[in-house]
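Structural characterization, general
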Amino acid sequence: MKSRDRWDYLKRSPKLLSDLFIQRRYDFDFDLMPFHLRDLPQAKRFNLLKSGLNLIYRRLRPWSWPINMMIELTNYCNLQCPVCPTGNGQLERRPQAMELDLFERLMNEVGPYLTTAALFCWGEPLIHPRLSDVLRIASRHRVPVRLSTNGQNLGDTRVIHALLDHPPAYVTIAIDGLTEETNSLYRVGADLQSARKGVQALAEAKRRKGTDLPVLHMRFIAMKHNQHEIPQVRAFAAQHRFDLLTLRSLSIIDGPEGAHRELVPDKQELRAYAYEGNERVSRSDFICQQPFIFPTVFADGTVVPCEQDFNGTASFGRLSEGVSFQDIWFGKRARKIRKAIRDAPESFRFCTNCPFADRPVKTCSLQAFRLGGWRAPEISWD
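1. A word on the packing of helix α2 (residues 13-21) against helix α3 (residues 42-52)
Interhelical geometry of α2 versus α3 gives an angle of 165° and a closest axis separation of 10 Å. Between α2 and α3, the angle is such that the two are roughly antiparallel. By crossing handedness, the relation of α2 to α3 is classed as left-handed. Judged by residue contacts, Leu17, Leu20 and Phe21 of α2 engage Arg45, Phe46, Leu48 and Leu49 from α3. By residue class, the composition of the contact of α2 with α3 is six nonpolar, no polar and one charged.

This is the structure:
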């Protein structure tokens, strides 16, 4: 979060309080994806209120439970993207899918408080063997879900049934080229035709069922090799029956700078960061909120302060039969790591290479386009 955004949130707090406690609503954008939540249960409303206190003071024992969470369903993938730690071999954790019992225990604890959950991280979520059951559990706890996929398995009957039986709010499909050649330069091993057919099959299944969810969201990362295709991206997305398109800038990760630099587009307006010569311009206006409101849980139950710690070097702890999320979230080890991130972020490599800190804006996406008369869905607890 940028320091100016922090003050903007605080200035809007009277309206937010009115929305939450008089109208029981909460409207927000998550990386240009709009959410309209209605009739929020009391636990979620009070948790949002308490989480706002972290904007004033980042307390080592947070005021609130998380309001957002990233949950890694798998840490293996069917592609080899060059700046992803799973694709380029930097991920040192054992490949695995999250056990269903672990996911259910986690949802039983945090589900009453979450406003969103991202069921993906450093792997492809649609190849989780119990995807339908995972979405059923999340749906039972009424947690608005975001999924992000490379789309290679989107056309599978099993996947389509899972996505329609217990629909996420958003399914983001990563397509980074309008031809097989340009798409596969970054999505190494991808078949663009499979993703296209999968999107159309899911759109048709939604039409037959008469449902607006999940929102089909195409995400296009602007890079040097595909920047010439950007003028045609909106027409491509509309033709293939997407509901929403976002144009995104390329984020760094804690890895070799050279691999990232080769992909940076020529136009400054398409870049995530400013450069002077060959050096990325560092900024000092970033205030990290991840360890206080938005943790990540890896497939084996390890809780980390931020998804960028992809090898779990600063783990808060690990969920197990005898260790709850509450034990970990409010525990001594988590407080110690939060203090280091708050007061001396240079202690961690994943902080010094933070993909958010040097951005001039708070979002990773540059533009959003609503397609086909689509309107953002309202999610209600009434």
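Okay, back to it.
2. Considering unusual backbone geometry
Pro214 follows Leu213 through a cis peptide bond whose omega is 0°. Even without a glycine there, the phi angle at Asp31 is positive, about 50°. By secondary structure assignment, the location of Asp31 is in the loop between β1 (25-30) and β2 (33-38). For Asp31, a relative accessible area of 16% translates into the label buried.

3. Observations concerning helix α8 (residues 192-209)
Between its first and last C-alpha atoms α8 spans 26 Å; for 18 residues at 1.5 Å apiece the expected length is 26 Å, and the two agree. Turning to α8, its buried residues number three or more, namely Leu192, Ala195, Gly198, Val199, Leu202, Ala203, Ala205 and Lys206. Projected down its long axis, α8 shows its buried positions confined to an angular sector of 160°, all on one face. Among the exposed residues of α8, those oriented more than 90 degrees off its buried face are Lys197, Arg207 and Arg208. Buried-residue contacts for α8 involve α6 (157-165), β6 (170-174), α7 (180-186) and β7 (215-221). Taken from the residues just after α8, Gly210 is the one with a positive phi, measuring 75°.

4. Here we look at the packing of aromatic side chains
Under the defined criterion, the tally for this structure stands at 12 aromatic pairs. Ring geometry for Tyr26 versus Phe28: centroids 4.8 Å apart, planes at 25°, classification stacked. A single burial state applies to Tyr26 and to Phe28, both of which are buried. Taken together, the aromatic side chains of Trp65, Tyr113, Phe316, Phe325, Trp329 and Phe330 make up a single cluster linked through ring pairs. Stacked on the ring of Phe298, the Lys or Arg Arg93 has its end atom at 3.7 Å from the ring centre. The ring centre of Trp329 lies 4.4 Å from the NZ or CZ of Arg338, which sits over that ring.

5. Details of the nonpolar core
By size, the foremost hydrophobic cluster in this structure holds 71 residues, and its most contacted members are Phe103, Leu119, Leu154, Met218, Phe242 and Phe325. Contact partners of Leu119, with chain neighbours within four places excluded, come to Ile71, Leu73, Phe103, Pro125, Val134, Leu135, Val145, Arg146 and Leu147. The next biggest cluster of nonpolar side chains, apart from the first, holds 42 residues, and it includes Trp122, Tyr170, Leu250 and Phe294.

6. Some points on the pattern of salt bridges
In total, this model carries 21 salt bridges according to the counting rule given. The residue Glu378 makes a salt bridge to Arg38 at a minimum N-O spacing of 3.8 Å. Residue Glu378 is found in strand β15 (residues 378-380), and its partner Arg38 is found in strand β2; the two are separated by 340 residues along the sequence. We note a salt bridge from Arg93 to Glu72, for which the minimum N-O separation is 2.8 Å. Placement of the pair is Arg93 in the loop between β3 (68-71) and α4 (100-110) and Glu72 in the loop between β3 and α4, with a sequence separation of 21 residues. Judged by its relative accessible area of 15%, Arg93 falls in the buried class. Each of Arg25, Asp27, Arg38 and Glu378 takes part in a single network of salt bridges with overlapping partners.

Calculation rules
- Residues numbered from 1 in each chain as written.
- Predicted model: local features only at pLDDT ≥ 70, side-chain atom pairs only at ≥ 80, totals over all residues.
- Heavy atoms only, no water.
- Axes fitted to C-alpha atoms, helices over the stretch in contact; angles between N-to-C directions.
- Helix = DSSP H or I, 4+ residues; strand = E, 2+ residues; numbered from the N terminus.
- Parallel < 35°, antiparallel > 145°, perpendicular 65-115°, else oblique.
- Left-handed = near helix turned anticlockwise from the far one by under 90°.
- Contact = heavy atoms within 4.5 Å.
- Nonpolar A, V, L, I, M, F, W, Y, C, P; charged D, E, K, R; others polar.
- Buried < 20%, exposed > 50% of the residue type's maximum accessible area, 1.4 Å probe, protein only.
- Expected span 1.5 Å × (residues − 1).
- Arc of directions from axis to C-beta.
- Phe/Tyr/Trp six-rings, centres within 6.5 Å; stacked < 30°, edge-to-face > 60°.
- Lys NZ or Arg CZ within 6 Å of the ring centre and 35° of its normal.
- Core = buried A, V, L, I, M, F, W, Y, C linked by side-chain atoms within 4.5 Å.
- Salt bridge = Lys/Arg side-chain N within 4 Å of Asp/Glu carboxyl O.

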